[in-house]
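# Understanding the architecture of this molecule
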Number of protein chains: 2
Amino acid sequence: MPNAALQQPAGDNPHVTLITPSSPMATPTHGGRAKCLQRLVRLDLPVPRTVALSFDTVHEIAGGALPDIANVIAQFDEGALLCVRPSSEDPDWGGPGAILNIGMNDARYVDLSERIGREFAAVLYLRFVQAYAVHVARLDPDTFDEIEDMGPGGLSAALAAYEEEAEEPFPQDPVEQLSAVLTCMARAWEGTTARLLRQAKGAPMDAGLGLVVQEMALGIGAGECGSGVLQLVDPDTGLRQITGRYLSQSQGREALEMDFASLFLTRDPRGPSLEDQAPEAFKALIENAELMRQRLREEMQIEFTIENGALHILDGIRVPRSSRAAVRIAVRLAEDGIISHEEALLRIEPRAISELLHRQIAPGAHRDVIGSGVAASPGAATGKIVFSSAEAQASAARGEHCVLIRRETSPEDIRGMHAAVAVVTERGGITSHAAVIGRGLGLPCVVGAANMKFDLRKRKITTADGRSFAHGEEITVDGTSGQVLAGAALTVEAALDDAFQTLMGWADKARDIAIRANVDTPADAATAQNFKAEGIGLCRTEHMFFEADRLTPMREMIFADGSEDRMAALAVLLPMQRADFTALFSIMEGLPVCIRLFDPPLHEFLPSDRAGLRDLAEALDLPISDVTERVEALGEYNPMLGMRGVRLGITVPEIYDMQARAIFEATLDASRAGAPPVVPEIMLPLVSAKREVEILRTRIDAVASAVKAERGRDFTYRLGVMVETPRACLRADDIAQHAQFLSFGTNDLTQMAYGLSRDDAGRFMSDYVQQEVFLEDPFHILDIEGVGELVAIGAERGRQGRPDVLLSICGEHGGDPDSIAFCRAVGMNHVSCSPFRVPIARLAAAQLAIRETIGSQ
Amino acid sequence: MPNAALQQPAGDNPHVTLITPSSPMATPTHGGRAKCLQRLVRLDLPVPRTVALSFDTVHEIAGGALPDIANVIAQFDEGALLCVRPSSEDPDWGGPGAILNIGMNDARYVDLSERIGREFAAVLYLRFVQAYAVHVARLDPDTFDEIEDMGPGGLSAALAAYEEEAEEPFPQDPVEQLSAVLTCMARAWEGTTARLLRQAKGAPMDAGLGLVVQEMALGIGAGECGSGVLQLVDPDTGLRQITGRYLSQSQGREALEMDFASLFLTRDPRGPSLEDQAPEAFKALIENAELMRQRLREEMQIEFTIENGALHILDGIRVPRSSRAAVRIAVRLAEDGIISHEEALLRIEPRAISELLHRQIAPGAHRDVIGSGVAASPGAATGKIVFSSAEAQASAARGEHCVLIRRETSPEDIRGMHAAVAVVTERGGITSHAAVIGRGLGLPCVVGAANMKFDLRKRKITTADGRSFAHGEEITVDGTSGQVLAGAALTVEAALDDAFQTLMGWADKARDIAIRANVDTPADAATAQNFKAEGIGLCRTEHMFFEADRLTPMREMIFADGSEDRMAALAVLLPMQRADFTALFSIMEGLPVCIRLFDPPLHEFLPSDRAGLRDLAEALDLPISDVTERVEALGEYNPMLGMRGVRLGITVPEIYDMQARAIFEATLDASRAGAPPVVPEIMLPLVSAKREVEILRTRIDAVASAVKAERGRDFTYRLGVMVETPRACLRADDIAQHAQFLSFGTNDLTQMAYGLSRDDAGRFMSDYVQQEVFLEDPFHILDIEGVGELVAIGAERGRQGRPDVLLSICGEHGGDPDSIAFCRAVGMNHVSCSPFRVPIARLAAAQLAIRETIGSQ
């Protein structure tokens, strides 16, 4: 490669030499390892001399054009052994393995035998021959792996085997050796298999590879020699603790691979340690590690070698870490003044902290996977299989943990889900009922687990490989990975530790958009409070009517002849609803609580099977034929687009009247002297025209006046609209005339913008995402360019209609970082999401505000 | 009323004197009758002297402030008798009846007895006393109706009865008489009942009344005296024919009321005529009538009186007319050069001509109404009741007309609907399946007839008053009024006569937007051709798969394991589809035919009842449990928002491949040398993302290339998108990259914009429209401000993406005049509607273009 150029680095440090083509295509890059080594050298750490080959250079090598290899070798001390390691942009993308001890040949073997003894020299030479034979010359690995004698005898055998297999003697010229090693590593990177593998990990098509040629510090030889790995923190907990291993007479990462033989680093009752064995090298190592933490502003994993008692730092990479450790590390670095609070916040991937909020399968625990589906709600739990909500409740009553298995869940299963520790369904996608409720409850949930056979009649599930799991058998659900496991897998606790709380506190200071929670029950409300939601952004009221003592009056109400009968049935429900709301208001202690009035079609509350119809006929004292006919008459072709929401409010106004009364009475009941006053927000669902709001506002205002007069006490409340039809977005200026707030329901809005039912989308969504028809499932990631435009139009027009209107979103997207960015951009006041997504949203919002500040500086 | 002013008209005619308040509130108006009389006077017709009181004046009279009545009377000849008639803006709004012979008193009785004889004078006086007593003095009508002697004896009795009842003698002062008459008529107009009645006919809240005081020409007296009504056309047919009646010794409209005694006008073999009896007066009458037609530019109904042989024209009103007569009259006026073609077009209400396209219940025919519902598809037909499609087909096979009665219809009923002469359903609204298909087929249809009980098991319907109609009994369906009648009602033929065709020809010259038809079958296509549609704007293909010989391969396709089996099943369907398209292309003779690829969810093709499942299992040779399970698995929560349209095209691509091949092969089969080439348009339904179009365009292009290669012949086609999701509107610029045309499906767009299923909306739509939540049913009248904005956005962005993109709408709204106005405004190339709405659309489009030209002049 005649046009290769050798550059000295800009600083005064001669240790890292950069090699790039003389006319590079772009700014030359040498990869992460090269960059780190440069930084270590600048810190004056004992890093062996290094030459770094840029991406372009390596690409040219793969094409057959080598730089001046003799010149590369000339950068090192005469007779030094070399190693070559990959240096890609991201170490996770893989790459060829390091090749050590390049330069060993018969002559150096003689030299080294004199310096460090023949046995050690033979090990070094033999290892190089083995690696070269297998990886560079591509000879039969078995031949070389068979050699067990690691001394001079083995070496002779290896050299002979090489000559026999390769039909030429083992190359003696270091230039030839290094050339071959570099070519082989460069070409391995560009092979199709390697490219596909790294693309699967997120690497771009044209990801490059740099190579680092480094002088070996010999971990094998006379005096204290060896190699090891060190980090100052525990990678699982993030707690400050020196961890790592050291192995005398070893090279590379052997200390980790052979930990039965390796030493602890600090003094340890369990065995000998480096601190005992080489106290000075240990002291230097710790000092260097502390320096690296300070100056690289990160917890680093250090690869080091001790050669005859002297410490060499070969490399440093960012400590791999669990999510919980990531939080603690970032917080500690900030508390130690090494990074700012803002930087600590930016270092945590918001989605990763969802792991912290739930019990998880322990890292490395054995997994006996019996089925899998969509990872619909994170966390892990173990329980006995049950196939119905009734069984789940019975099981909970006995104090036994149970996993609820259903073909799919419906609102009737809510109590069963409350009673279960996890849920698995055969059908449904990321926004199916089970998934949404599961996330709301923080219940591990796997949906669409269609690779198991669900036999609900025989009360068993059968796996693809024919194993059966019957009612009562124990399984573990991992909602984080979407797996279902046999038996009880080892789990670890949720990690809401002090570091987590500290980080969240910083997030709350940084962010500029409020975060509320979608809360349906007092238990949810407690979770929301625990996660410091700033109020309830969406309280759905319909589940309240599914409880056993309420279903009968509810059905009486549905079957009532005329307004009077209906009101009589609703009068039974009133005190229960009032108690529901009083509980929520009390828990939320004056934070805003936004209650969506009754939304679902009435037929959801009616049975469809023969037995249920018979029970209903009995309860209502009606002939079964009557009941059947009326249940059928209430059926709908497209319930999502039918008689629900505000349409019920207009045509069966008694329901909303009752709910408004319950809310207002609860407002007074929960308001206590000295405490902040309760200000309820009442939200109308499925609005498509201004007049709907106008009519219902009049009724609700009348109820408020009546309650005030009866109780002789005053209160205030806000009335708003859930904007979830495209028409409501377009007419938001009109609608805002009668609404103090507009909350965008992005689930329904997505359904209507696409003409796509989330309950039915599962059947083709995976096809669609695979074929990139949709880049993402729009129920999972907000479709900014379609649904988002509707929201933006609605927000803008809403403000036109009422400049002080409060804007928010309350769909499932509320907790998604990209969606929060969108909501900030269109000027929303808050987002509302599942309680378990509140911390994620708090962090994501903080990062957005920080990035905007940085961007504008 | 001191401030009343007497104005002489601007011209030189002293016959009509206008009275208004001296400071009128607005430009004074005197109503239609006064206006017409002024025009007649200007034509020098023998109109008796007239004083017209303006709306304001009459309003003041009702409030008690009368103008100077003596002065009014002074406008007339000394001793003249007067009449007062109402003169509102629109005669259809009703008003108080005319009061004749005002001014009769004892003194004039003596005078008149001398002039015309005592008997005649007594009749005039008696009639006035009767009218005054009942309508002005509000005495008991029975007392005065009892008087049978119309001579002097009766008069004495009446005067005595008046004095007894009113406790005062009959008023003798003409000023007092006229004041009382005017006050009474003015107050009658302002009464609540009268106001509500006229508002029901479309009058505004503040509609005013003028009163016309006219000198009486006495139809009773010596010499040839009498009164009559004449018009030059037949009001039912519009054909030129002198019609009307004359009655000697009569007043007002008695000639019509007592037609047993009245004369024909022209010579008539059936009896004596005015032409015989008073040839000179008759000649003058006809001359006057012809003059009125020429100069008032309208066919007028003339009220006339002959007094002692001399003709007086009392009044003229526009001839009331049937829709068919309206067309003929307008066309004749234009052909006679009296009005322009444009004015003839503007005089016909587009919606009214839908009557002409269908057989109708004869005007005035007896109606034994047994039930009613939504008038879903116009026209009338009589047939025997059947309760299933199979019975309908059997009935048609026997050559018997039948009416199909269903709870609601589904695609499986299509063949039954084809076989029936009319359809009645218990459920559904204006856009239910039955309604849409009914309009498409031109089949009279009443839907949502919930006031009858449908007992499908016992095969009978029961009316609200308990009458039963069983299978086989004859009924008549009036889809124009929404009534169901017992037995066979008298009907009249459709009226596609020469005048209609002439008018439509003028419309086609005037309009500037193309009209196509939505056509599913060859029969539809023939209708579309008959109504001169300029092509097919929407051909739905799914009904083609419901035919008996196709359902089995269709179901085999649905149940196929893998692509190969699926293609094998589709191969059976290919020649059938090809034949379908060949037939359509041949009928349409080179006009564009836009075919929408398969749209509905597959489960619509599967049975849901036990018997159907058993048959299916047999046909497919599968165990019934398998079939049941797979049918259930295909079920959807919201089929409208599910796996249908382009989503099937992407995930089960073999169906669209087959359809594209059938279209292309039919294109070649139907293209004949010398004839215009067939250029099919292929439309993709339910698109929500550009990539859907991109993927399918690639596949369809490949099919086209294959067919061209196999046949060795070339053809062209257009590929476009049915824009029916809100997202497709928003992303129309993207989508147009791959689409040569965009056709807006306003039905689905309305469903999705509102979040409202048209199949389920019936349950509350009437409540909603009654409470004015929605001003109109948006499935009936396009919601311009919501759905319309989406369409406008889509049209604008579509053109941004592809400047030459062809734009159209093809929903049910396509035939609605307001919607056509909208489509012109957003620059669409065509609208497409049911074949039977094509003439309406042609006329409406012409009117819009004409009005725009007038407006811009």
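All figures in this text were calculated on a predicted structure; none of them were measured in a lab.

What counts and what doesn't
- Residues numbered from 1 in each chain as written.
- Chains lettered and ligands numbered in written order.
- Predicted model: local features only at pLDDT ≥ 70, side-chain atom pairs only at ≥ 80, totals over all residues.
- Heavy atoms only, no water.
- Axes fitted to C-alpha atoms, helices over the stretch in contact; angles between N-to-C directions.
- Helix = DSSP H or I, 4+ residues; strand = E, 2+ residues; numbered from the N terminus.
- Left-handed = near helix turned anticlockwise from the far one by under 90°.
- Contact = heavy atoms within 4.5 Å.
- Nonpolar A, V, L, I, M, F, W, Y, C, P; charged D, E, K, R; others polar.
- Domains from an automatic or database assignment.
- Buried area = accessible area lost by both parts, 1.4 Å probe.
- Salt bridge = Lys/Arg side-chain N within 4 Å of Asp/Glu carboxyl O.
- Polar contact = N/O pair within 3.5 Å; in protein donor to acceptor, adjacent residues only side chain to side chain.
- Buried < 20%, exposed > 50% of the residue type's maximum accessible area, 1.4 Å probe, protein only.
- Phe/Tyr/Trp six-rings, centres within 6.5 Å; stacked < 30°, edge-to-face > 60°.
- Lys NZ or Arg CZ within 6 Å of the ring centre and 35° of its normal.

## A few points about the packing of helix H29 (residues 746-754) of chain B against helix H31 (residues 787-801) of chain B
All names here are of chain B. Running from N to C, H29 and H31 point in directions that differ by 120°, and their axes come no closer than 9 Å. Note that H29 runs across H31; the crossing there is right-handed. Residues Thr 746, Leu 749, Thr 750, Ala 753 and Tyr 754 of H29 pack against Val 787, Leu 790 and Val 791 of H31. Looking at the contact of H29 with H31 residue by residue, the classes come out as six nonpolar, two polar and no charged.

## Here we look at the domain arrangement of chain A
Taken as a whole, chain A is organised into domain 1 (4-215), domain 2 (226-321), domain 3 (362-492) and domain 4 (511-544 + 582-596 + 648-856). Just the C-alpha atoms count here: the centres of domain 2 of chain A and domain 4 of chain A sit 53 Å apart.

## Notes on the interface of chain B and chain A
The interface is formed by 51 residues belonging to chain B together with 50 residues belonging to chain A. Here chain B packs against chain A, burying approximately 4800 Å² in sum over the two surfaces, 51% of which is carbon and sulfur. One can count eight salt bridges joining chain B with chain A. Counting every contact that joins chain B to chain A gives 28 residue pairs in polar contact (both at pLDDT 80 or more). Mapped onto the side of chain B that touches chain A, the elements with two or more residues apiece are helix H23 (624-634), helix H24 (646-651), helix H26 (690-711), helix H27 (726-730), H29, helix H30 (758-770) and H31 of chain B. Broken down by element, the side of chain B that touches chain A gets its largest block of residues, six residues, from H30 of chain B. Taken together, the residues of the side of chain B that touches chain A break down into 23 nonpolar, 10 polar and 18 charged.

## As for the pattern of salt bridges
All names here are of chain A. Considering all chains together, one arrives at 104 salt bridges over all chains under this definition. Here Lys 283 ties to Glu 287 by a salt bridge, and the two come within 3.3 Å at their closest N and O atoms. Linking Lys 283 with Glu 287, this pair stays in helix H12 (residues 279-296), spanning four residues, or about one helical turn. Using a relative accessible area of 54% as the deciding quantity, one classes Lys 283 as exposed. For Glu 287, a relative accessible area of 48% corresponds to the partly exposed category. Two residues, Glu 298 and Arg 318, come together in a salt bridge whose shortest N-O distance is 3.2 Å. Residue Glu 298 is found in the loop between H12 and strand E9 (300-307), and its partner Arg 318 is found in strand E10 (residues 310-318); the two are separated by 20 residues along the sequence.

## Focus: the packing of aromatic side chains
Enumeration according to the criterion identifies 37 aromatic pairs over all chains in this entry. Residues Phe 531 of chain A and Phe 836 of chain A carry aromatic rings whose centres are separated by 5.3 Å and whose planes lie at 70° to one another, so their mutual orientation is edge-to-face. One end of the pair, Phe 531 of chain A, is in the loop between helix H19 (522-530) and strand E25 (536-540); the other, Phe 836 of chain A, is in the loop between strand E31 (830-833) and helix H33 (838-856), and 305 residues separate them in sequence. Residue classification places Phe 531 of chain A among the buried residues on the basis of a relative accessible area of 4%. Given a relative accessible area of 13%, Phe 836 of chain A falls into the buried group. Centroid distance Tyr 768 of chain B to Phe 774 of chain B: 4.8 Å. Interplanar angle 70°. Geometry classified as edge-to-face. The exposure classification of Tyr 768 of chain B matches that of Phe 774 of chain B, with both residues buried. Clustering of aromatic rings is evident, with ring pairs tying together Tyr 109, Tyr 125, Phe 128, Tyr 132, Tyr 162 and Phe 170 of chain A. Over the ring of Phe 715 of chain A we find Lys 708 of chain A, and its NZ or CZ is 5.1 Å from the ring centre.

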